[in-house]
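Inside the fold
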2 protein chains.
Amino acid sequence: MSNQGAAGTSPAELKSRSTIPRSFSEAVLPPNMAKTHAANNNMGVEYVLIFRFSATEKEESAKTFEQLVHKLARVGLATEVRQGEDHTLMVFIKIASLEHVYGEVYRSRVRDWIHGVRLTEPAQDVEASLNEDPLTDAERLLIIYQLITNDEKDGGAGIRPKTKRWPQVESIFALHDHVYNKHWLQKWSTNWQLNIEDLDEIRNKFGEKVAYYFAFEQTYFNFLIYPGVGGFLAWLLLDSFSPIFAVLACSWCVIFVEWWKHRERDLALRWGVRGVSNIESKRDEFEASHEIEDVATGEKQKTFPAWQRLQRQALQLPFAICAIAVLGSLIILCFVIEIFIGEVYDGPGKSVLTYLPVIILTTCMPFLTNAMTGLATRLNDYENYETASRYESALTAKLFVMNFITSYLGLILTAFVYVPFGKLLIPHLDVANVVARSYTDGKVPLEKSLDLYDINPDRLRKQVIYFAVTASIVNFATEVVVPYFKRQGTVKFRELTASRKRSGSKTEPSASANDVPEEREFLARVRSEAELTTYDVQSDLREMIIQFGYLSLFSVVWPLVPVSFLVNNWFELRADAFKICLEMQRPTPARADSIGPWLDALEFLTWLGSLTMGALTYMFSNDGVGPDGSPYTIKGWGLLLSIFLSEQIYLVSHKVVRYAISKIDSPGRQKERRARYLVREQFLSQSLGKLARAPTFSEVDDEKDVTITRESLEEEQRQSTLSTSTPEKKFWSRQQGWRETAKVGQAYITQSQPNEKESAQQKKEL
Amino acid sequence: MSNQGAAGTSPAELKSRSTIPRSFSEAVLPPNMAKTHAANNNMGVEYVLIFRFSATEKEESAKTFEQLVHKLARVGLATEVRQGEDHTLMVFIKIASLEHVYGEVYRSRVRDWIHGVRLTEPAQDVEASLNEDPLTDAERLLIIYQLITNDEKDGGAGIRPKTKRWPQVESIFALHDHVYNKHWLQKWSTNWQLNIEDLDEIRNKFGEKVAYYFAFEQTYFNFLIYPGVGGFLAWLLLDSFSPIFAVLACSWCVIFVEWWKHRERDLALRWGVRGVSNIESKRDEFEASHEIEDVATGEKQKTFPAWQRLQRQALQLPFAICAIAVLGSLIILCFVIEIFIGEVYDGPGKSVLTYLPVIILTTCMPFLTNAMTGLATRLNDYENYETASRYESALTAKLFVMNFITSYLGLILTAFVYVPFGKLLIPHLDVANVVARSYTDGKVPLEKSLDLYDINPDRLRKQVIYFAVTASIVNFATEVVVPYFKRQGTVKFRELTASRKRSGSKTEPSASANDVPEEREFLARVRSEAELTTYDVQSDLREMIIQFGYLSLFSVVWPLVPVSFLVNNWFELRADAFKICLEMQRPTPARADSIGPWLDALEFLTWLGSLTMGALTYMFSNDGVGPDGSPYTIKGWGLLLSIFLSEQIYLVSHKVVRYAISKIDSPGRQKERRARYLVREQFLSQSLGKLARAPTFSEVDDEKDVTITRESLEEEQRQSTLSTSTPEKKFWSRQQGWRETAKVGQAYITQSQPNEKESAQQKKEL
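Residues numbered from 1 in each chain as written. Chains lettered and ligands numbered in written order. Predicted model: local features only at pLDDT ≥ 70, side-chain atom pairs only at ≥ 80, totals over all residues. Heavy atoms only, no water.

1. Quick word on the overall build of chain A
For the record, the criterion: Working definition: helices are DSSP H or I runs of at least four residues, strands are E runs of at least two. Numbering for both runs from the N terminus. Only protein chains enter the accessibility calculation, which uses a 1.4 Å probe; a residue is then buried when its area is under 20% of its type maximum, exposed when over 50%, and partly exposed in between. Here a residue-residue contact requires only that any non-hydrogen atoms of the pair lie within 4.5 Å. Residue burial considers only the protein chains on display, and all accessible areas are found by Shrake-Rupley using a 1.4 Å probe.
A tally of helices and strands in chain A yields 29 helices and 6 strands. Relative to its full complement of 766 residues, chain A shows a buried share of 49%. Across chain A, the fraction of contacts at a sequence separation of at least 24, relative to all contacts at a separation of at least 6, is 76%. Surface exposure of chain A reaches about 37,000 Å², of which carbon and sulfur atoms provide 59%.

Now the structure itself:
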């Protein structure tokens, strides 16, 4: 329970303690970690490294293991080893030499500052810097992770799991802070909202990348309230396919996306990560083909030419076509079967055959999706991106194409093929009918003319309801509930087999057999965490984006879609916290300043939404689709006009909203402005100091001028004839000092005579 | 001719001279200016201030004049006064005290650096900074101008022409550098292209704002070559209204606009002005209604709340409606009259009446435009913008609406009203016909049925040719040739009246009567320059943007449009140089990092072009408009589809082009990168220095470990039972040093037994 104090300790509190830390460990480690006595803690372990050895090549494994531990020791990390399950060793890692950590922390902070990620220069020495801005859990873990994984030439140990160099290293993960997790889950299950401090806490514990997901999810949830209420009212009051609701929903999408960009930027400033994607180091797997010298800086850089990558990226086109063809044809097949069975076929076994499309989809789709994902990953590897974020971004784009097809194609087919062209297309299922007849011995009745087959216009609404409600629930179950019980089952099974093994003779004793009793509980926990899967924030984000897509593309079909999502996301947010805490390894902190490539997906869906909403509103306008099902006769120009107008509304509102939101002040921007202001003040005072050193000239000597300017205009004329060296010098020597200039000018004024108009005016006045 | 050396002296050459300037005047002034002896120079005069006094209120004028000269002297400026034409004094201004100039230069450079406009910190003292980066003519003139015009609290003299405080100050202008101008015009008239050094020269002489105009014009000219060639080929080979040409022209527009943005940014980096618009000072005329304290910085700022401005901006809507109504109705009126006379009316005086629309347009349009411009300016003043660039931007937007109507409405009416709806609308001129009949005593023949009136489909092409060729030539003449002869005439007229006056008796002698003979020529030149108008770069830019509009909106009508513009702009570029040198006062240098608001206009025209080109291509496709003139029957869906597709092509190509261009390296970017790299290097070496001061820990003591790790696993077990204080300490004390960890781990590996699968495999191998 003592850990709770650390989680709740704010930077301000830490600062208010003694300014000079009594020991260095106190400066780097959170205060409780060095002196905690509770049994329920993580023993000060920062990371656990799982080393899988081969029982048949013991010598080689032993040698590699020695190297591993030595390398860790050389970067200032202390290690302890314990036995893991199934031929693995668990290497526990903590900080031994602060020198390395200091170096890494300070280098990282200075680099951030130079690249504009940090707004203020880090303090003049490391201790002061750490006092000013204490390390968060996430920052400490990230730095230790970098010590372990960075290349040796960059001061790391160079140990990265599952690479060519270290195939034996299965994983490196941090241990869950169970006390904090419990506190976290308890808090969330009672609060209905996450506030900014909650997000800060997530960021401090799990890093910015995970925190960004929760921030997105929370912002999305908050925004859903508006279309939720609006949708409910529309459902009550408005006609179905109301253009008003469509316009409001589209505008809402635009505002949400732009607001999120604003929010994202604000959070990046708050968390001091703005622009981190620009200072990323190269991926390990990146293979440079050229070494070029930057013309500007003279730095030698290993690069992979853009045109070469472009050639490889050209493969994306066949990939996309292939994905569309493979996944699309499956969906179309199921679609056709479904319609055939539902509306054409009338033979025996209809009640069973109805499930055929579902069965085909659920069996074939995962298989195909996995195959395509594999292909996408290989293609992405081949494209050879330099940084992890570029790689991720490119992969996301590929996966998004697939997700788009699997998620929306069914609905698009229903809305834009089945409903308008249904009457034309269903008769072409005639062939199928004939085949069906021959299979069913002509039991399919012929007397029902194909022209009479009614298309089922309510199908679209039913489908949307399915995706908005049923699929959400199913998804929630497969994501959270099933894995939980699966894991419980696995644990039970393992215990059973272990006890069976113990009762047997020649098999080796279980890993826990050698445990010291006082460590038993802790090691058991570590062993179970070692078996958890790693958390992939991208897949959770993808789920949200796809959900947003249903909203932006099809919510006009059934205005209660946002209401359903609102309810779903309340649970989703908490389920994700639950998942991270209990079903996944603690995610290794990663920095990010954005949800990255998904922003593009959001913008794309919003834009496409303006087209589909416009089209749907027109196509189903005038209550054209009632339960009796006679679709409104769609006119080409009407459809195109509504799409065109809808797109123009989108384009204009996009510009306006972006401009308006850019004007909004925010805490992050204020922080940035304050930092800039302080820097400015500092430099301006410096520059004034420099200016004082500039040579000073005597001020314009007023007194001297007074005595000189007793000369008349004639005197001035005389002076001009003096033989001064150049015309220029002569020109400037005629009037010495400003008083002479004034006198001469005044003389000109006095001499002047009013012109005709002026003199006429003067006369009049007289 | 000695000035020519200065103009051609590169910064490098200046640097290669002695590093410490022999005198301060040498440091600030260009080397030739301090010692030139040529008669044809400007006498070292930086600015001429025209002071208009009243011959009827001589005392007050004399007092004000004294104040003026005193104020100038107090900011370190020397003055000479000479008589000007018509009750004016010419005050010549040059630098007297370098202290003030130094201060201004250095403050300006430091401010630039702090706000990120300059990439490198200015050198530690002023002299070094000036040596490193010598003042250009433009920078020097700008700084002196700021000394004259800045508020007194900001260290200036506070003298701004034609303000409430100084209504007598008519203008402040720099003198033309005639030697340079001659050289410039000669060079341009022989070269067919401006290169980057020419632009640098313009920037050094006239400031960035003017240089940006020429850079834009040159970039535009270079880009015009592609559609010029393409258009010529299309004219030869393709059908009229070819979709191929339309797509190419639209893509060209997109590429041009995006390339210009890239180029603009590059030039801003080259000239060290990137982001200057952000550090602009407030306009004089700005009236703050509130003083608020910035929550972030605590600075007190005088502001005008955005919502209050928004209320005032709301007046833009009635203004736009009014502009459209007034200008539009005039154009529509002329349009109707023209068609009526051309195609309906057949009565007497037709040959004379044909000119009626032209007469109405040329008489009423300038009057209306001026009235609307006045209204726009007043509205803009009322909107109370804080900085000059915001003000200019808002005014530009308003003027653009008017320019859009006057330039394109006629063509739009022809293309989208007259051609498609001509047959429907012309019969409605029936009323006019009836009226005409009653006026012409029934001489208008009735037998010609209104249904038979043919619309004249070649009208659109003729109109486009008119705008592309005739209007360009007329414009060129009114802009350059007419003013030139007008000026020559004025000079002649003035000479005549002067000689007449001299022969007369009681009128005052001409201003030149008192001139010293050796100054006569110089003063005459200054007097004539004083009468020139000031150069407004915005109006020249507007002309180019409007021209671009014809290209982007209507070039598909007549593919030779770009060819015509290509020829026109070769002359335009040179005529503008001629105009600046001979017909205008030397422009006061101004900094800018963009062509500003016109960028938005370019983007808007490109977008709108995608719509009009799509529509025109469809409407006149299939060679529907031949000389016989029967317009293709336009289908709503076809028109909408082509517009829609065209817009999608625009949107996609816009994204792609922007992305591609963002990847292009450029000298400016290289310069930026180099500067960043140097800063980075500097700070990293500093940070390494700091790191050395961090406390050092002894490295992992390999040797010591060796002696300790002679213990066995049993020893390790024993140690664990020792009563160390906490479980954590116990946990970490079991293995002392990495060698022990390695040993223990190796022991685990040795103990392990292969599992079934592995042992099976081992057996097989055996």
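The discussion continues.
2. With respect to the sheet that holds strand β4 (residues 169–174) of chain B
Residue and element names in this part refer to chain B. Inclusion rule: Strands are labelled as partners when DSSP assigns at least two bridges between them. Helix axes are fitted only over the stretch in contact, all axes being lines through C-alpha atoms; the angle between N-to-C directions runs from 0 to 180 degrees.
With antiparallel pairing, the 4 strands of this open sheet are ordered in space as β2-β3-β1-β4. Of all the strands in the sheet, just β2 (77–83) and β4 have a single pairing partner and so form its edges. Each adjacent strand pair in this sheet contributes to an overall mean axis angle of 20°, direction not counted. Contacts between helix α7 (residues 137–149) and the sheet are confined to β1 (47–52), β2, β3 (88–95) and β4, with β1 contributing the most and set at about 30° to the helix.

3. A closer look at the pairing of β1 of chain B
Residues and elements named next belong to chain B. Counting buried residues along β1, 5 of its 6 residues qualify, which places the element largely inside the surrounding structure. Across 6 bridges, β1 lies against β3 in antiparallel orientation. Across the sheet, Leu49 pairs through a bridge with Val91, a residue of β3.

4. Thoughts on the packing of helix α10 (residues 208–237) of chain B against helix α11 (residues 243–270) of chain B
Residues and elements named next belong to chain B. The condition is simple: To sort the angles, those under 35 degrees are grouped as roughly parallel, those over 145 as roughly antiparallel, those from 65 to 115 as roughly perpendicular, and the leftovers as oblique. Crossing chirality is assigned from the near helix's rotation relative to the far helix, an anticlockwise turn below a right angle marking it left-handed and a clockwise turn marking it right-handed.
At a minimum axis distance of 10 Å, the contact between α10 and α11 shows a crossing angle of 160°. By the angle between their directions, the pair α10 and α11 is classed as roughly antiparallel. Helix-helix and strand crossings are classified by hand; for α10 and α11 the assignment is right-handed. Taking contact as the criterion, the partners of Tyr212, Ala215, Phe216, Thr219, Tyr220, Phe223, Leu224, Tyr226, Pro227, Gly230, Gly231 and Ala234 in α10 are, on α11, Phe245, Trp252, Ile255, Phe256, Trp259, Trp260, Arg263, Glu264, Leu267 and Ala268.

5. Things to note about a nonpolar patch on the surface
Residue and element names in this part refer to chain A. Quick reminder of the rule: Exposure above 30% relative accessible area and no salt bridge define the residues that can form patches, which grow by joining like charges within 9 Å and nonpolar side chains of Val, Leu, Ile, Met, Phe, Trp and Tyr within 5 Å. Here a salt bridge means any side-chain nitrogen of Lys or Arg lying within 4 Å of a carboxyl oxygen belonging to Asp or Glu.
A cluster of nonpolar side chains, namely Val229, Phe232, Leu233, Trp235, Leu236, Leu237, Leu238, Ile244 and Leu248, defines an oily patch on the protein surface of about 910 Å² accessible area. Taken together, the elements giving at least two residues each to the nonpolar patch come down to α10 (208–237) and α11 (243–270). The leading source of residues in the nonpolar patch is α10, at 6 residues. Counting through the fold element by element, Val229 comes out in helix α10.

6. Regarding the nonpolar core
Just so we agree on the cut-off: Only buried residues count toward a nonpolar core, which is a set of Ala, Val, Leu, Ile, Met, Phe, Trp, Tyr and Cys residues joined through side-chain atoms within 4.5 Å.
Of all hydrophobic cores here, the largest spans 232 residues; its most connected members are Phe214 of chain A together with Phe214 of chain B. Grouped together as the second largest cluster of nonpolar side chains are 38 residues, Phe53, Ile95, Leu98 and Leu135 of chain A included.

7. Comments concerning a positive patch on the surface
Filter applied, for reference: Just so you know, the count uses Lys and Arg for positive and Asp and Glu for negative, and it drops His and the chain ends. Each charge is placed at NZ for Lys, CZ for Arg, CG for Asp and CD for Glu.
Together, Lys655 and Arg658 of chain A together with Lys655 and Arg658 of chain B make up a region of like positive charge exposed at the surface. At the level of secondary structure, the elements contributing two or more residues to the positive patch comprise α23 (636–662) of chain A together with α23 (636–662) of chain B. In this fold, Arg658 of chain B is placed in helix α23. Overall, the relative accessible area of 39% leaves Arg658 of chain B in the partly exposed class.

8. Things to note about the pattern of salt bridges
All names here are of chain A. Counted by the stated rule, this structure contains 54 salt bridges over all chains. A salt bridge links Glu46 to Arg140, with the nearest nitrogen and oxygen atoms 3.0 Å apart. Placement of Glu46 in the loop between α3 (24–28) and β1 (47–52) and of Arg140 in helix α7 (residues 137–149) is noted, with a sequence separation of 94 residues between them. When its relative accessible area of 4% is taken as the criterion, Glu46 is described as buried. Where Glu152 meets Lys71, a salt bridge forms, and the shortest distance between an N and an O atom there is 3.2 Å. Within this pair, whereas Glu152 is found in the loop between α7 and β4 (169–174), its partner Lys71 is found in helix α4 (residues 58–74), the two being separated by 81 residues in sequence.

9. Comments concerning the sheet that holds β4 of chain A
Residues and elements named next belong to chain A. Spatially, 4 strands are ordered β2-β3-β1-β4 in an open sheet, and the strand pairing comes out antiparallel. Looking at the sheet topology across the chains shown, the edges are occupied by β2 (77–83) and β4. Across the sheet, the axes of successive neighbouring strands diverge by a mean angle of 20°, strand direction being ignored. Pairing analysis gives 5 bridges linking β1 to β4, with the strands arranged antiparallel. Bridged to Val48 within β4 is Phe173. Against the sheet, α4 contacts β1, β2, β3 (88–95) and β4, and its axis sits at roughly 160° relative to β1. Each of β1, β2, β3 and β4 touches helix α19 (residues 517–530); the most contacted strand, β3, lies at about 105° to it.

10. Things to note about helix α8 (residues 178–190) of chain A
This is how the line gets drawn: Expected helix span is computed as 1.5 Å times (number of residues minus one).
A rise of 1.5 Å per residue sets the reference length of α8 of chain A, with its 13 residues, at 18 Å; its end C-alpha atoms lie 19 Å apart and thus fit the reference within 8%. When α8 of chain A is considered as a whole, its buried residues turn out to be Val179, Tyr180, Asn181, Trp184 and Trp188 of chain A.

11. With respect to the side chain of His262 of chain B
Structurally, the position occupied by His262 of chain B is in helix α11. For His262 of chain B, the residues in contact, after removing those within four places along its chain, are Ile661, Ile664, Asp665, Ser666 and Arg669 of chain B.

12. Here's the deal with the environment of Trp607 of chain B
Along the chain, the position of Trp607 of chain B falls in helix α22 (residues 598–619). For the pair formed by Trp607 of chain B and Val254 of chain B, sequence separation is 353 residues and the distance between their alpha carbons is 8.5 Å. Filtering out sequence-adjacent residues up to four positions away, Trp607 of chain B remains in contact with Gln648 and Leu651 of chain A together with Glu647 and Tyr650 of chain B.

13. Overview of the domain arrangement of chain A
Residues and elements named next belong to chain A. The test is simple: For the domain bounds, the source is a domain assignment made automatically or taken from a database. The buried area of a pairing is the accessible area, by a 1.4 Å probe, that goes missing from both parts when the two are put together, added over both. As used in this structure description, the phrase polar contact means that two N or O atoms lie within 3.5 Å; if the pair is within protein, one of them must be able to donate a hydrogen and the other to accept it, and residues adjacent in sequence are counted only when both atoms belong to side chains.
For chain A, the domain assignment lists domain 1 (41–175) and domain 2 (196–281 + 314–499 + 547–676). Overall, the association of domain 1 and domain 2 removes approximately 1,700 Å² of surface from exposure, summing both partners, and the carbon and sulfur fraction of that is 60%. Seen at the junction of domain 1 and domain 2, the total is 2 salt bridges. A salt bridge links Asp137 to Lys205; the nearest nitrogen and oxygen atoms lie 2.7 Å apart. The tally of links between domain 1 and domain 2 comes to 5 residue pairs in polar contact (both at pLDDT 80 or more).

14. Regarding the packing of aromatic side chains
So the rule is basically this: A pair of Phe, Tyr and Trp rings is counted when the ring centres sit within 6.5 Å of each other, with Trp represented by its six-membered ring. The angle between the planes then sorts it: under 30 degrees is stacked, over 60 is edge-to-face, the rest tilted. Whether a charge sits over a ring depends on NZ of Lys or CZ of Arg being within 6 Å of the ring centre and within 35 degrees of the ring normal.
Summed over the entire model, instances satisfying the criterion amount to 84 aromatic pairs over all chains. With centroids separated by 5.3 Å and ring planes inclined at 70°, the aromatic side chains of Tyr466 of chain A and Phe467 of chain A adopt a geometry described as edge-to-face. Residue classification places Tyr466 of chain A among the partly exposed residues on the basis of a relative accessible area of 42%. Ring geometry for Phe476 of chain A versus Phe571 of chain A: centroids 6.5 Å apart, planes at 70°, classification edge-to-face. Pair noted here: Phe476 of chain A is in helix α18 (residues 459–503) and Phe571 of chain A is in helix α21 (residues 561–583), with a separation of 95 residues, a long-range link. Residue classification places Phe571 of chain A among the partly exposed residues on the basis of a relative accessible area of 44%. Aromatic ring contacts, followed pair by pair, group Tyr212, Phe216, Tyr220, Phe223, Tyr226, Trp252, Phe256, Trp260, Trp271 and Phe548 of chain A into a single cluster. In this structure, Arg165 of chain B is placed above the aromatic ring of Trp166 of chain B, and the distance from its NZ or CZ to the ring centre is 4.3 Å.

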